[in-house]
Structures are given as structure tokens and as C-alpha cells.
Amino acid sequence: MRTQAVLFDYGLTLVSFDYPTPCLLETLDQVRAWLGPEAPTAEWLLFHVLHPLEADLEGFGSDDEVDYLDFYQRAWQRAGLKLPADLLYRILDLEQQCWDRAVTVVPGALDLLDRLRANGLRTGICSNAPFPPEMMLRQTRANGVAARMDVIVFSSAIGRRKPAPEPYLAALGELGLPATAVLFVGDRVREDYEGPVNVGMRAVVCTALTRSAPQPGVPSIKSLAELERYL
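Note that the structure is a prediction, hence the values are computed from the model and not measured.

What counts and what doesn't
- Residues numbered from 1 in each chain as written.
- Predicted model: local features only at pLDDT ≥ 70, side-chain atom pairs only at ≥ 80, totals over all residues.
- Heavy atoms only, no water.
- Core = buried A, V, L, I, M, F, W, Y, C linked by side-chain atoms within 4.5 Å.
- Buried < 20%, exposed > 50% of the residue type's maximum accessible area, 1.4 Å probe, protein only.
- Helix = DSSP H or I, 4+ residues; strand = E, 2+ residues; numbered from the N terminus.
- Disulfide = S-S within 2.5 Å.
- 1 Å grid on protein atoms, 1.4 Å probe; cavity = no way out; pocket = protein on both sides within 12 Å on 5 of 7 lines; lining within 4 Å.
- Points joined across faces, edges and corners; volume = space filled by probe spheres on them.
- Pairing = 2+ DSSP bridges.
- Contact = heavy atoms within 4.5 Å.
- Axes fitted to C-alpha atoms, helices over the stretch in contact; angles between N-to-C directions.
- Nonpolar A, V, L, I, M, F, W, Y, C, P; charged D, E, K, R; others polar.
- Phe/Tyr/Trp six-rings, centres within 6.5 Å; stacked < 30°, edge-to-face > 60°.
- Lys NZ or Arg CZ within 6 Å of the ring centre and 35° of its normal.

Caption draft 1: Highlighting the nonpolar core. Formed by 56 residues in total, the largest nonpolar core has its most connected members in F8, W76 and L227. Ranked by residue count, the leading element in this core is helix 2 (residues 42-58), at 7 residues. Counting 19 residues, the second-largest nonpolar core is a separate cluster that includes L7, V151, F184 and V189.

Right under this line is the structure:
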């Protein structure tokens, strides 16, 4: 069956991030006023709350998506700060706005998406992201990616993470296409090649930003500029 749609991973496929330390410190300094007169410094909060939180996320290995607000609350509690849920959400929202500004769309990605759509293909995102889906959607709208997508599925909205089948099946369901009509593109072999292939899609790994090279035999491209030859 000819390719009728392309599904993309998001981070390290369509976009990259620089850790937004100055913005986070500024945000945490603002947050200190909400924590009371004995609030730690912004630097202390960064190194004792946010940095350990990042490390915990890196080590998260379950196919069930983390409840990020609960995860976030426990990170603050571990640092000795017990905060109400509504305040934690406000803090997280400000923090995520730092990440919104830290994202960089891969050069040529938006032009590629425009070409694919001009040629009659549908496009979508299927990505692991534990953060609240409304915050992730805001980010994709701000950077121009969302306007070029027919479907956006983040694992936080599904409750399951790639390579579990549920995120792929949710994206296919929204596209209204069989798996055999869809090509998947991402930066990781397990999540973006093996997972899609297991539900019947074709897949290719883009190595431009990948953290580990795919093993021999896994279809790969060096950049998104090479993707159209796979259609």
C-alpha cells in the first residue's frame, strides 16, 4: 500500500532543546515569593528539585506513562517542600514556558511538513512526553509544528508510552488509516522503529540528533532532508 501519512516523533526528531537554566532560575526566583519567608534560593531549588526530577525521568522505564503532577509533587516533597496541587500546577506551567522558549525546530522540518502536505500526505506526531498534554500542545502551536499536523498524540494523553502499542494505535485511529499506509520517523530504535513495525507500519530512524546509532539492518536517514525518498 502506498504511503498516505507520515507520523513523527517530536523531541530530537522535529525539535531539539537547550536546557533553559537562566529562565528556570528566573522562574524559581519568582516562585520563592509563593513559598514563604523561609524559601530556599532559586539555585537550591534548581539543584535539589528540578535536576533530580530530570534524572528520575531519564530512568523511568515503564510502558505506563508517569502521572507527572504526582511525580512533580513527590520531587518537591523529597526536597522538604509540601505544596498544594494548584500551586504546583502554576509552578509547572511557568517552568514549561521556559522549555517552550528553549525549543528549536530542526532546520528544514517545517518546509518538509509543508511539502508532504502539499503532495497530499497527512502528517502527525506520536511522541512520549509525560508533561500535561495542554502544555505540550501549547508548545507545538507556538513553534509552528501543530499547524502542520493532522494528528498530535502525546503519551501523557494516552497513559501509555511507546513502544507500547496504544500511542501508535491512537494516532492511526485519528488518521483513519491502516498501519500499512503510514511511515513512522523518529530518533530511537525501540520506540520509533521496533514499536511502529510491531503494529504494521513502515519506519525509519533519523540519526541527525539521535543519542545512539541504530544497529545494522535498521533503516535510517542522516537527516529529515532524506525522508522523501522513503515515500
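Caption draft 2: Quick peek at the state of the cysteines. Overall, the coordinates contain 1 disulfide when judged by the stated rule. In this model C23 forms its disulfide with C98; the gap between the sulfur atoms is 2.2 Å. Of note, the bridge from C23 to C98 carries an S-S torsion of about -80 degrees and is left-handed in sense. Pair noted here: C23 is in helix 1 (residues 21-35) and C98 is in helix 4 (residues 85-102), with a separation of 75 residues, a long-range link. Residues C23 and C98 agree in their burial class; the two are buried.

Caption draft 3: Region of interest: empty space enclosed by the protein. Here the structure, examined in full by the defined rule, presents 1 cavity of 30 Å³ or more. In this model, the largest cavity occupies a volume close to 30 Å³. Lining of the largest cavity is provided by L24, T27, L28, L50, Y72, I91 and E95. Every element with two or more residues in the lining of the largest cavity is listed here: helix 1 and helix 4. Looking at which element gives the most residues to the lining of the largest cavity, the answer is helix 1, with 3 residues.

Caption draft 4: Looking closely at the sheet that holds strand 4 (residues 122-127). Spatially, 5-4-1-6-7-8 is the arrangement adopted by the 6 strands of the open sheet, whose pairing is parallel. The strands lining the two open edges of the sheet, one partner per strand, are strand 5 (151-154) and strand 8 (220-221). Two strands pair when backbone bridges link them, and strand 6 (residues 182-186) and strand 7 (residues 202-206) are joined in this way by 4 bridges, in the parallel orientation. What sits directly across from L183, in strand 7, is R202. Running at roughly 155 degrees to strand 1 (residues 5-8), helix 5 (residues 109-118) makes contact with strand 1 and strand 4 of the sheet. Where helix 9 (residues 189-198) meets the sheet, it contacts strand 6 and strand 7, and its direction lies at approximately 170 degrees from that of strand 7.

Caption draft 5: Expanded view of the layout of surface pockets. What the largest pocket holds in volume is close to 930 Å³. Lining the largest pocket are 29 residues, with E58, N128, F131, R188 and R211 sitting closest to its centre. Sorting the residues of the lining of the largest pocket by element identifies helix 2, helix 4, helix 6 (133-142) and helix 9 as the ones contributing at least two each. Class assignment for the residues of the lining of the largest pocket results in 10 nonpolar, 7 polar and 12 charged.

Caption draft 6: The arrangement of the packing of aromatic side chains in detail. The full count for this structure, using the stated rule, is 9 aromatic pairs. Each ring, one from Y68 and one from Y72, has its centre 5.9 Å from the other, and the planes form 25 degrees; the classification is stacked. Of this pair, Y68 and Y72 both sit in helix 3 (residues 68-78), separated by 4 residues, roughly a single helical turn. The same class applies to Y68 as to Y72, namely buried. For R90, the ring lying beneath its charged end belongs to W34, and the centroid distance is 4.0 Å.

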